[in-house]
Amino acid sequence: MEETEVVVLGWQLSMFSAKVRIALAEKGIKYEYRQEDIPHNKSPLLLKLNPVYKKIPVLIHNGRHVCESKIIVEYIDETWKDKSPLLPSDPYLRSQARFWADYTDKIYEIGMKLIMGLKGEEMEKARQEFLGCLKVFEGELGEKPFFMGDAFGHVDIALISYYHHFYTYETLGNFSLKNECPKLFAWATKCMKRESVSTILTDPNIIYEAIIMFRKSMNLED
């Protein structure tokens, strides 16, 4: 591998890759992006640098590597402290930001239920569980512009990185984010006006088409 200051190993459809790339964009850090062929043809470099989970994303900085998206975002924030802080300096507020960033994992967990072709009562239960999770986030957001106040930060990055999957979740779950959680929808619309977000997130239609192909490959489509 040629010596490059910052490299990201990622995947176009991954919200976890998006999280890292948005953080770097917020900091104004230039980097080389290397697209991985997930899940069937992972590069030798990825397998070497993340031998435990064998997953993207991986950040390489001056020859050293960091794995797991939330850990990478914190590394980015601590390494480039002088540019657009992503986590609060106050220890209590910092702990709250970490809590809510961790809670975004529920979106992935419940979203997979919507994707995996549940029917009838099971699908309705997953739908209500997903909406319940979104309403928890909406309650935490309240009247604030962003989750930790006036500044776009760690929690916003963690949650908005899922937004390009929401068209899929809404379509398969038969709900509307705008109707169910209008404040959260307004927050997402505001986030999408940021260049660091809009230029990173993949077209939702590409995500949807990829999920439909996956469902067909698993015989989950009617």
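Residues numbered from 1 in each chain as written. Predicted model: local features only at pLDDT ≥ 70, side-chain atom pairs only at ≥ 80, totals over all residues. Heavy atoms only, no water.

Trainee: Help me understand the UniProt feature "domain: GST C-terminal" (unreviewed entry) in the chain in this model?
Mentor: Following the UniProt record, the feature "domain: GST C-terminal" (unreviewed entry) maps to residues 90–220 here. Counted over residues 90–220, helix gives 71% and strand 0%. Its end C-alpha atoms are 47 Å apart. (UniProt positions renumbered as here; feature names shortened; annotations may be inferred. Helix = DSSP H or I, 4+ residues; strand = E, 2+ residues; numbered from the N terminus.)

Trainee: Is there a simple way to explain helix H10 (residues 182–191) in this structure?
Mentor: The periodicity of an α-helix, 3.6 residues per turn, causes residues three or four places apart in sequence to face the same way. Regarding H10, the residues found buried are Leu184, Trp187, Ala188 and Cys191. For H10, the arc enclosing every buried residue in end-on projection is 100°, short of the 170-degree limit, so these residues lie on one face. In the core, the buried residues of H10 are packed alongside helix H6 (120–141), helix H7 (154–160), helix H9 (177–180) and helix H11 (195–198). (Buried < 20%, exposed > 50% of the residue type's maximum accessible area, 1.4 Å probe, protein only. Arc of directions from axis to C-beta. Contact = heavy atoms within 4.5 Å.)

Trainee: Just to check I follow, could you spell out the layout of surface pockets for this structure?
Mentor: Unoccupied space between atoms shows up once a probe the size of one water molecule is rolled over them. The calculated volume of the largest pocket comes to roughly 980 Å³. Taken together, 28 residues make up the lining of the largest pocket; nearest its centre are Trp11, Met15, Phe16, Ile38 and Tyr108. Counting only elements with at least two residues in the lining of the largest pocket, the list comes to helix H1 (15–27), helix H3 (69–79), helix H5 (105–115) and helix H12 (204–217). When grouped by side-chain class, the residues that make up the lining of the largest pocket number 17 nonpolar, four polar and seven charged. (1 Å grid on protein atoms, 1.4 Å probe; cavity = no way out; pocket = protein on both sides within 12 Å on 5 of 7 lines; lining within 4 Å. Points joined across faces, edges and corners; volume = space filled by probe spheres on them. Nonpolar A, V, L, I, M, F, W, Y, C, P; charged D, E, K, R; others polar.)

Trainee: Sorry, what's going on with the packing of H1 against H3 here?
Mentor: Between two packed helices, both the angle of their axes relative to each other and the distance between the axes serve to describe the pair. Direction vectors running N to C along H1 and H3 enclose 10°, while the axes themselves pass 9 Å from each other. When the interaxial angle is binned, H1 and H3 end up roughly parallel. Residue-level inspection shows Phe16, Lys19, Val20, Ala23, Leu24 and Lys27 of H1 in contact with H3, the latter providing Ser69, Lys70, Ile72, Val73, Ile76 and Asp77. Split by residue class, the contact of H1 with H3 holds seven nonpolar, one polar and four charged. (Axes fitted to C-alpha atoms, helices over the stretch in contact; angles between N-to-C directions. Parallel < 35°, antiparallel > 145°, perpendicular 65-115°, else oblique.)

Trainee: For this particular structure, what's the right way to read the pattern of salt bridges?
Mentor: When the charged atoms of two side chains with opposite charge come close together, those side chains can pair. Taken as a whole, this structure holds 13 salt bridges when the rule is applied. A salt bridge links Glu32 to Arg34, with the nearest nitrogen and oxygen atoms 2.8 Å apart. Since its relative accessible area comes to 23%, Arg34 is described here as partly exposed. Close ionic contact of Lys183 with Glu143 constitutes a salt bridge, the shortest N to O distance being 2.4 Å. In this pair, Lys183 sits in helix H10 while Glu143 sits in the loop between H6 and H7, placing the two residues 40 residues apart along the sequence. Under the relative-accessibility criterion, Lys183 is labelled partly exposed at 40%. Exposure remark for Glu143: the relative accessible area of 67% places this residue in the exposed category. Each of the salt bridges in this network shares a partner with another, and the network as a whole consists of Glu124, Arg127, Lys135 and Glu180. (Salt bridge = Lys/Arg side-chain N within 4 Å of Asp/Glu carboxyl O.)

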